Structures are given as structure tokens and as C-alpha cells.
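# A structural walkthrough
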Amino acid sequence: MVNVIGLGYIGLPTALMLAAHGVEVVGTDYNKELVATLNAGKTTFKEQGIEELFATALQKGIRFTTEYQITDTYIISVPTPYDKFSKKVDACYVVAAVQSVMEVCPKGATVVIESTVSPGTIDKYVRPAVEKNGFTIGEDIHLVHAPERIIPGNMVYELLHNNRTIGADSKQVGEKIRALYASFCQGQIVVTDIRTAEMTKVVENTFRAVNIAFANELAKICRHDNMDVYEIIRICNMHPRVNILQPGPGVGGHCISVDPWFLVGDYPSLAKVIDESMKTNDSMPDFVLNRIYEIMRENNITDISRVGLYGLSYKENVDDSRESPTIQLIENQQRHLAAPIKSYDPYFEQNIVPNQYHNFEEFLADTDLVVIMVNHNQIKENMDKLKGKIVFDTRNCCDLPGTYRL
Ligand code: SAJ
């Protein structure tokens, strides 16, 4: 039996996937409400294909509880927050989960850590906590790091098809866990050591952050001299060895906007390109805000209450607002003591920001300048409703004539 600890964005789909493929699974989370919701047969977030997967896993007997189970395999997928000032990862939840496992696990159990951690975290924090407990690593308990790679919006497909990395102290334990993941994962599963696995995860997200920053920097350069960044990227990408990403209003989510800071925090004098890239990405909500003021001036809009931000999530077609550029923009704008700009997002029924609308038509009726912050399918399918409005499209998804871009 596998006990999956932490039933959030990664733990829940992983637990469901294992169960759906015939592995006996118990999911544990300390949040009673979350466990009650799952036990009532409801999922806790929206994601393509998750309902069907949930139904199959329930059929196969998955259970949810707040208790840690006595078993030989644990998968830990608890959050790893980071300190915004020191830029260092806080492994407290991971360590606490490992400590709770040690209270119940039999000798020789394997603990797989899926949570993203900065390189060296397991050596620095997890091993000492285990040893302090009198456990001998490799005998009483085995540690494994199996970082997740799935992308919100396409999690179910990616769980099945992505290649994976397993970091373990011994080949034998690595192979055992490889076999467990191979119960559902159709991609290649590489077995390596723990430190390497930790580093690969952070490097993957850093690669993407640096490349998005490059696109964002190009957008700023092109804006400065009135060039079309999208046309330039499109043409450059026709070169066989060039593949530039898309500029945007900023980088959100709990991965790409966070993980690269771990490297900056740990290697401040070495991680220069990464540091500058992160700063470039972080500057984008302000860049958008300045551009809004510019477009308002150009169109004689003097009242910010006639401006509306479409999209509060960090990217298209997800209900995840972690590190959302729109929320950062609203927070920055409010520092200027103005009333908060109105916003609307079909994925958020509850208020998450002040002056949030819950009806698309009402939002449009009260808005002269629509700022597309997120290219949800809803807006792409309703572009005709923006006719007659001034549109500032930060995602390059609107082809109405006169649309302003980054
Ligand atoms: N973005 C751009 N321009 C682009 C691509 C993305 O501005 O060309 C923005 C998005 O709008 C969003 C942010 O970047 O705000 C990040 O979005 P994303 O779709 O690139 O990635 P995430 O954060 O949803 O998921 C990433 C993935 N990592 C990589 O692609 C290397 C995913 O595979 C990881 O599992 C996940 O981080 C994670 O949990 O680490």
C-alpha cells in the first residue's frame, strides 16, 4: 500500500493515478475539510480529466484520511514555501511530514519526496532530522526524491506521458520506486542520486524562467522603439535552432516564478543570469500597468474605473491564482492610492481581490479599456463582444483591429 501525504495540486492527481492503475492507495492530508470534501466524492480543484480519474480511483478503492498509515511506501507532496526576502526554500512541511512518517512506519520503509526542494535540501534538513530520530538511513528508512513535472491544465495527460526522474541512495531502492511509478507512467524513468534529482527539477523550471525573461526583455526593447515583438519572434523562430517563448504580463504559478530563486538564494554570486531574468519577469506587471496608463492617456480615459482586467489566474484555463501577475498588478496599482482596478475571471466565483466582477457581460458594460491578462478559452471564443472597446492584449490572442499589445 502507498500512503500519499499531502493532497494538493500534485499529491491528489498522483494518488488518483496510482489507485486507478491498481495500486492500493490511502491519501492523507492534515486539512480535515479537504479530506471531508474528497470523502464526499468531490474534487478540490478544476483540472482537465480529473473527475473521470477520481471516479476510477474511487472505484478501485482509494481512501482519504487525516491519519498517517502504517505501510512500506510513502509519497510526500506537501508545499515548500520560500522566503521572499532570503529567496530560500522552507523545508519545514517536508521535514514535519517525514517526522510524522517516522512515528508510524515499519523498519525499512521508503519515503519518496515529490515536493520541489532546492538542491541540497534533503542533505541539509531531511537527513539530519531522520538521524536525530535515531534512524539509520538505508536500513531503518530509505529516502527517495521523485520531483513532479506535470503542468497545470494538462496534468492528467502529463502524469501518464512525461519522462520522470527518481533520485535514490541505492540502485535497488531507485529501481523499486521506478517500478511503482511505471505502474502508470508511460515515459522514460531515469534513476539517479538524490542531489542530482533535486537539481534537475529546479534547473528545468529555471530554463523556462530564463527563456520567458528573454521574450519579456525583447518585448520591452521592441516597445521602446515601436517594433512588433510578436512578428520578430515569429520570424526568428523559423530559424532551425531558435525557439523563443512568448512575452506576457508576468510569470506566475508556484514553480517557474519561485524555484529559480532557490539558485539565486544559494549561489548569489554565481547565479547572475538567473537573478536578472527573475527580476525581468517580476517587473512585467509594472510594465503592463505603465502601459495601461499610457493607453489611457492616448485615448483620453481619465478614470481608472473605466479600465478592467480580464483574468486573475496565473495562466489560461486554470483556477490557480498563485503568484498571479494580475494580482501583483492590482497590488502595485493600489500602492498609488487609486481605487483598485476592476477585474473578472470566469474561474473565480469567490472574491479574491477587491472590485472583482462575477458576470462577464456586466464587466464589459462597465469597461472602456479591456486589458486581457489571461487568454482563457472564454475570451478567445467571445472576441466579438470586445468590438467597440479599447483592447490591450498582453497575451497576443486578440486580432481585432486597433488592439494594443505589450
Ligand atoms: N509564460 C509566459 N510565456 C511563455 C510561457 C509561459 O509568460 O511563453 C508564463 C505563464 O503565463 C505563467 C508562467 O509563465 O504565468 C508559468 O507557466 P507555464 O505554463 O510555463 O508553467 P507552470 O508554472 O504552469 O508549470 C511549470 C512546468 N515546468 C516547465 O515547463 C519547465 C511544469 O512542467 C512543472 O511541473 C511545474 O512548473 C512545476 O510544478 O514545477
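Report follows, based on the coordinates. (Residues numbered from 1 in each chain as written. Predicted model: local features only at pLDDT ≥ 70, side-chain atom pairs only at ≥ 80, totals over all residues. Heavy atoms only, no water.)

### Section: the overall build of the protein
Along its length, the protein carries 15 helices and 14 strands. Its C-alpha radius of gyration of 23 Å places the protein within 12% of the 22 Å reference for a compact globule of 406 residues. With the C-alpha coordinates of the protein rotated into their principal frame, the extents come out at 70 × 50 × 45 Å. Every one of the 406 residues in the protein was classed for burial, and the buried ones make up 53%. Looking at the protein alone, contacts between residues at least 24 apart form 67% of all its contacts between residues at least 6 apart. Total accessible area on the protein stands at roughly 18,500 Å², and carbon and sulfur atoms take up 51% of it. Counting 39 positive and 51 negative side-chain charges, the protein places the averaged centre of each group 2 Å from the other. (Helix = DSSP H or I, 4+ residues; strand = E, 2+ residues; numbered from the N terminus. Rg over C-alpha atoms; globule rule 2.2 N^0.38 Å. Buried < 20%, exposed > 50% of the residue type's maximum accessible area, 1.4 Å probe, protein only. Contact = heavy atoms within 4.5 Å. Areas by Shrake-Rupley, 256 points an atom, 1.4 Å probe, with all protein chains shown as cover. Lys, Arg positive; Asp, Glu negative; His and termini not counted. Charge placed at Lys NZ, Arg CZ, Asp CG, Glu CD.)

### Here's the deal with a nonpolar patch on the surface
A cluster of nonpolar side chains, Ile 221, Met 227 and Ile 232, forms an exposed patch at the surface whose accessible area comes to about 240 Å². Considering the arrangement of structural elements, one finds Ile 232 in helix 9 (residues 229-236). (Patch = residues over 30% accessible without salt bridge, like charges linked within 9 Å, V, L, I, M, F, W, Y side chains within 5 Å. Salt bridge = Lys/Arg side-chain N within 4 Å of Asp/Glu carboxyl O.)

### Points about the layout of surface pockets
There is about 1,100 Å³ of room inside the largest pocket. Lining the largest pocket are 40 residues, and of these Ile 151, Arg 208, Ile 212, Ile 256 and Lys 315 sit closest to its centre. Per element, the largest residue contribution to the lining of the largest pocket is seven residues, and it comes from helix 8 (residues 194-224). Here the lining of the largest pocket is built from residues that sort into 13 nonpolar, 15 polar and 12 charged. Empty space within the second largest pocket amounts to approximately 730 Å³. Of the residues contributing to the lining of the second largest pocket, the split by class is 17 nonpolar, 10 polar and five charged. (1 Å grid on protein atoms, 1.4 Å probe; cavity = no way out; pocket = protein on both sides within 12 Å on 5 of 7 lines; lining within 4 Å. Points joined across faces, edges and corners; volume = space filled by probe spheres on them. Nonpolar A, V, L, I, M, F, W, Y, C, P; charged D, E, K, R; others polar.)

### Focus: the site of the ligand
In the vicinity of the ligand lie 20 residues, with Glu 148, Lys 201, Arg 208, Cys 255 and Tyr 314 positioned nearest. With respect to the ligand, the side chain of Glu 148 contributes an N or O atom lying 2.6 Å from an oxygen atom. Within the backbone of Gln 246, a nitrogen or oxygen atom sits 2.7 Å from a nitrogen atom of the ligand. When the free accessible area of the ligand is taken as 780 Å², the share hidden by the protein chains comes to 88%. Among the detected pockets, the ligand sits in the largest pocket. The residue makeup of the shell around the ligand, split by class, is nine nonpolar, four polar and seven charged. (Near = heavy atom within 4 Å. Polar contact = N/O pair within 3.5 Å; in protein donor to acceptor, adjacent residues only side chain to side chain. Sits in = over half its atoms within 2 Å of the grid points.)

### Here's the deal with the pairing of strand 5 (residues 109-113)
For strand 5, a buried count of five out of five residues is recorded, marking the element as mostly surrounded by other parts of the structure. Along strand 5, one buried face is formed by Ala 109, Val 111 and Ile 113 and the opposite face, lined by Thr 110 and Val 112, is buried too. Pairing geometry for strand 4 (residues 73-76) and strand 5, over four bridges, is parallel. The residue of strand 5 that forms the bridge with Ile 76 is Ile 113. As for the winding sense of the linkage, the β-α-β connection from strand 4 through helix 4 (residues 92-104) to strand 5 is right-handed. Of the strand pairs in this sheet, strand 5 and strand 6 (residues 141-145) are connected by five bridges, and their pairing is parallel. Looking at strand 6, one finds that Val 111 is bridged to Leu 143. (Pairing = 2+ DSSP bridges. Right-handed = clockwise from strand over helix to strand, strands pointing away.)

### A closer look at the sheet that holds strand 13 (residues 390-393)
Spatial ordering of the open sheet is given by 11-10-9-12-13-14, a layout of six strands whose pairing is parallel. If you trace the sheet from one side to the other, it starts and ends with strand 11 (356-357) and strand 14 (404-405), each paired once. Across four bridges, the pairing between strand 12 (residues 369-372) and strand 13 is parallel. Each residue of the ladder has a partner; that of Ile 372, found in strand 13, is Asp 393.

### Thoughts on the packing of aromatic side chains
Considering all chains together, one arrives at eight aromatic pairs under this definition. Centroid distance Tyr 310 to Phe 360: 5.9 Å. Interplanar angle 65°. Geometry classified as edge-to-face. Placement of Tyr 310 in strand 9 (residues 307-310) and of Phe 360 in helix 14 (residues 360-365) is noted, with a sequence separation of 50 residues between them. The burial state of Tyr 310 is the same as that of Phe 360; both residues are buried. Aromatic ring contacts, followed pair by pair, group Tyr 310, Tyr 344, Tyr 357, Phe 360 and Phe 363 into a single cluster. Over the face of the ring belonging to Phe 392 we find Arg 291, whose NZ or CZ atom lies 5.7 Å from the ring centre. (Phe/Tyr/Trp six-rings, centres within 6.5 Å; stacked < 30°, edge-to-face > 60°. Lys NZ or Arg CZ within 6 Å of the ring centre and 35° of its normal.)

### Overview of empty space enclosed by the protein
One pass over the full model with this rule turns up one cavity of 30 Å³ or more. As a volume, the largest cavity reaches approximately 30 Å³. In the lining of the largest cavity, the residues fall into two nonpolar, two polar and three charged.

### Digging into unusual backbone geometry
Phi angles above zero are rare outside glycine, and Asn 317 is one such case at about 60°. By the secondary structure assignment, Asn 317 is in the loop between strand 9 and helix 13 (325-334). A relative accessible area of 26% means that Asn 317 is categorised as partly exposed.

### Brief notes about the nonpolar core
One finds Leu 16, Leu 18, Phe 64 and Tyr 181 to be the most contacted residues of the largest nonpolar core, which totals 41 residues. Breaking this core down by element, the ones donating at least two residues are strand 1 (2-5), helix 1 (11-20), helix 2 (32-39), helix 3 (50-59), helix 6 (155-161), strand 7 (164-168) and helix 7 (171-181). Among the elements that line this core, the one with the most residues is helix 1, at seven residues. Not counting chain neighbours up to four residues away, the residues in contact with Tyr 181 comprise Ile 75, Val 112, Glu 114, Ala 146, Arg 164, Ile 166 and Ile 189. Cys 222, Ile 304, Leu 312 and Val 353 belong to the second largest nonpolar core, which has 33 residues in total. (Core = buried A, V, L, I, M, F, W, Y, C linked by side-chain atoms within 4.5 Å.)

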